[in-house]
Amino acid sequence: ASRLAGKTILITGASSGIGRATAFEFANASGGDIKLILAARREAALVSIKEEIEKAYPKSKVIPVALDVSKLPAIDAFVENLPAEAKDIDVLVNNAGMVHGVDQVGGIAQSDIDIMFQTNVFGLIALTQKLLPLFKEKGKGDIVNIGSIAGREPYPGGAIYCATKAAVKSFTETLRKELIATRIRVIEVDPGQVETEFSVVRFRGDKSKADAVYNGVEPLIAEDIAEVIVFAVSRRENVVIADTLVFPSHQASALIMHRKL
Ligand code: NDP
Ligand code: 8X3
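Quick caveat, the model's predicted, so the values are computed rather than measured.

### Some remarks on the overall build of the chain
The helix and strand tally for the chain stands at eight helices and nine strands. Against the compact-globule benchmark of 18 Å for 261 residues, the chain has a radius of gyration of 18 Å, which places it among compact chains. Taking the principal axes of the C-alpha coordinates as reference, the chain spans close to 50 × 35 × 35 Å. Counting across all 261 residues of the chain, residues that qualify as buried make up 40%. A separation threshold of at least 6 residues defines the contact pool for the chain, and within that pool the share at least 24 residues apart is 76%.

This is how it looks when you write it as structure tokens:
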């Protein structure tokens, strides 16, 4: 049987991109013997993912829940109001995240700073703190945090986004050290360039600017990162894939890309 069999997995930011692909990959890798709690702001998108997964994997159970991780009281309410069948979470995938703009320091709107930190950092920390007592009680569980190449290598125009992902890295490493005496695994997956809605959000809905990011290159697809996440979670209990950096072949750093134009 799959090591994933019977697990309950919570994925934030599951309505799109990497989170959505990760939901499908968990369903696939477990042969459908899985419970998925899918959280994001766009509940309708989660409901259609539920329908698709449950149709393809009749044994699976998908629970879509509206959640805005940038609103801290919403996180408490979300965890407290989970249906009884979804309370026993085994794996938390902290994937919800976003970037706004490419403005440089001095010209960054405070509202952009707030939303990036609230979503990428404060939300991730709050949800982790909220679920950690459960994991400690069980003595095990997996926490998968989605960082970024941007957290390792800051670049001009990315001061805030890069700072949020550096914060994720630092938080993640601390947590792994603090949990050394437990079987709780703390896993970080840092993608390079992945084509999702990420760039559309960065350019505030301007699809042509978002598409230009991928001119002459072949970015990763969301499924590539989903496979890495599910691989890490499905190792033997004693194996911690602590940290991974995943690039498409044309990319070797945040800014070094080979473009065929
Ligand atoms: P998408 O924009 O496609 O997906 C982002 C997801 O996060 C959506 O499901 C969105 O759902 C959710 N989200 C955003 N804000 C919130 C919020 N306040 N509360 C709850 N959910 C939220 O982008 P990706 O799939 O690419 O992004 C996933 C993660 O990967 C992010 O953490 C991102 O920083 C990281 N990453 C992405 C890279 C890339 O090149 N694409 C590279 C490196 C890291 P909704 O809008 O419905 O709330
Ligand atoms: C997303 C990758 O380089 O656009 O985290 O910031 S990058």
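### Side note on the site of ligand 2
By nearness alone, every residue bordering ligand 2 is listed as Ser-148, Ile-149, Ala-150, Gly-158, Tyr-161 and Ala-254. Classifying every residue of the shell around ligand 2 gives four nonpolar, two polar and no charged.

### What about the site of ligand 1?
Surrounding ligand 1, one finds 30 residues, the nearest of these being Gly-13, Gly-17, Arg-41, Arg-42 and Gly-97. Secondary structure elements with two or more residues in the shell around ligand 1: α1 (17-29) and α6 (198-202). Counting residues per element, the shell around ligand 1 draws most heavily on α1, which supplies three residues. A breakdown of the residues in the shell around ligand 1 according to their chemical character gives 13 nonpolar, 13 polar and four charged.

### A few points about the nonpolar core
With 62 residues, the main nonpolar core has Ala-23, Leu-36, Leu-38 and Ile-229 as its most contacted residues. Those residues in contact with Leu-38, other than ones at most four positions away along the chain, are Ile-11, Ala-14, Ala-23, Leu-46, Ile-49, Lys-50, Val-62 and Pro-64.

### Some remarks on the pairing of strand β1 (residues 7-12)
Within β1, five of the six residues are buried, leaving the element largely enclosed by the surrounding structure. Bridge analysis of β1 against strand β2 (residues 34-40) gives six bridges, and the strand direction is parallel. Each bridged residue has a counterpart across the sheet, and for Thr-12 the counterpart in β2 is Ala-39. Note on the crossover from β1 through α1 to β2: the handedness is right-handed. Pairing between β1 and strand β4 (residues 91-94): three bridges, direction parallel. Within β4, the position partnered with Ile-9 by the bridge is Val-91.

### Re the confidence of the model for the chain
When pLDDT is averaged along the chain, the result is 98, and 100% of the positions lie at 70 or above. With a pTM of 0.98, the predicted complex shows an ipTM of 0.98.

### Points about the pairing of strand β5 (residues 140-146)
The element β5 is extensively covered by neighbouring structure, given that six of its seven residues are classed as buried. Handedness of the β4-helix α4 (residues 110-138)-β5 crossover: right-handed. Looking at chain direction, β5 and strand β6 (residues 183-191) are connected through seven bridges and run parallel. Within the sheet, the bridge partner assigned to Asn-145 lies in β6 and is Glu-188.

### A short note on α4
Counted at 1.5 Å a residue, the expected span for α4 with its 29 residues is 42 Å, and the 41 Å between its end C-alpha atoms agrees. Most pronounced at Gln-118, the bend in α4 amounts to some 40°. Those residues of α4 that sit buried are Met-116, Thr-119, Asn-120, Val-121, Gly-123, Leu-124, Ala-126, Leu-127 and Phe-135. Two residues or fewer past α4, Gly-139 is found with a positive phi of approximately 80°.

### Looking at helix α8 (residues 222-233)
Taking 1.5 Å of rise per residue, 12 residues should cover 16 Å, and α8 covers 17 Å from first to last C-alpha, within 8% of that figure. Listing the buried residues of α8 in full gives Ala-222, Ile-225, Ala-226, Val-228, Ile-229, Val-230, Ala-232 and Val-233.

### A word on the sheet that holds β6
In space, the seven strands of this open sheet follow the order β3-β2-β1-β4-β5-β6-β9, with parallel pairing throughout. Either end of the sheet is taken by a strand with one partner, and the two such strands are β3 (61-66) and β9 (243-246). Strand-to-strand twist of the sheet, defined as the mean angle between neighbouring strand axes without regard to direction, takes the value 15°. Across the face of the sheet, α1 comes into contact with β1, β2, β4 and β5 while running at roughly 175° to β2. The strands that helix α2 (residues 43-56) touches are β2 and β3; relative to β3, the one it contacts most, it runs at about 180°.

Cut-offs used in this document
- Numbering of residues starts from 1 in each chain and follows the order in which that chain's sequence is written.
- Following the order in which they are written, the chains are lettered starting with A and the ligands numbered starting with 1.
- Confidence filtering applies because this is a predicted model: local features only for residues at pLDDT of at least 70, side-chain atom pairs given and counted only at 80 or more, and all residues used for totals across whole chains, interfaces and linings.
- Secondary structure is summarised from DSSP: a helix means a run of H or I of at least four residues, a strand means a run of E of at least two, and numbering begins at the N terminus for each.
- This radius of gyration counts C-alpha atoms alone. The globule rule is 2.2 Å times how many residues there are, raised to the power 0.38.
- Burial is judged by counting the other C-beta atoms within 10 Å of a residue's own C-beta: 20 or more makes it buried, 12 or fewer makes it exposed, and any count in between marks it as partly exposed, with every C-beta position built from the backbone.
- Whether two residues are in contact is decided by their C-beta atoms, placed from the backbone, lying within 7 Å.
- In this entry, near means the residue's backbone-placed C-beta atom lies within 6 Å of the molecule or strand.
- Under the convention adopted here, Pro, Cys and the residues Ala, Val, Leu, Ile, Met, Phe, Trp and Tyr are nonpolar, Asp, Glu, Lys and Arg are charged, and Gly plus all remaining residues are polar.
- Note on terminology: a nonpolar core is a set of buried residues of type Ala, Val, Leu, Ile, Met, Phe, Trp, Tyr or Cys, with members joined through C-beta atoms within 7 Å.
- Strand pairing is assigned whenever DSSP detects at least two bridges linking the two strands.
- For the handedness criterion, the strands are oriented away from the viewer, and a crossover whose path from the first strand over the helix to the second runs clockwise is classed as right-handed.
- Note on scores: pLDDT gives the predictor's confidence for each residue, bounded by 0 and 100.
- By this rule the span expected of a helix is its residue count minus one, scaled by 1.5 Å.
- Bend, in this description, refers to the angle at a residue between axes fitted to the seven residues ending there and the seven starting there.
- For every element, the axis is a line fit to its C-alpha atoms; helices are fit only across the contacting stretch, and the angle between N-to-C directions ranges from 0 to 180 degrees.

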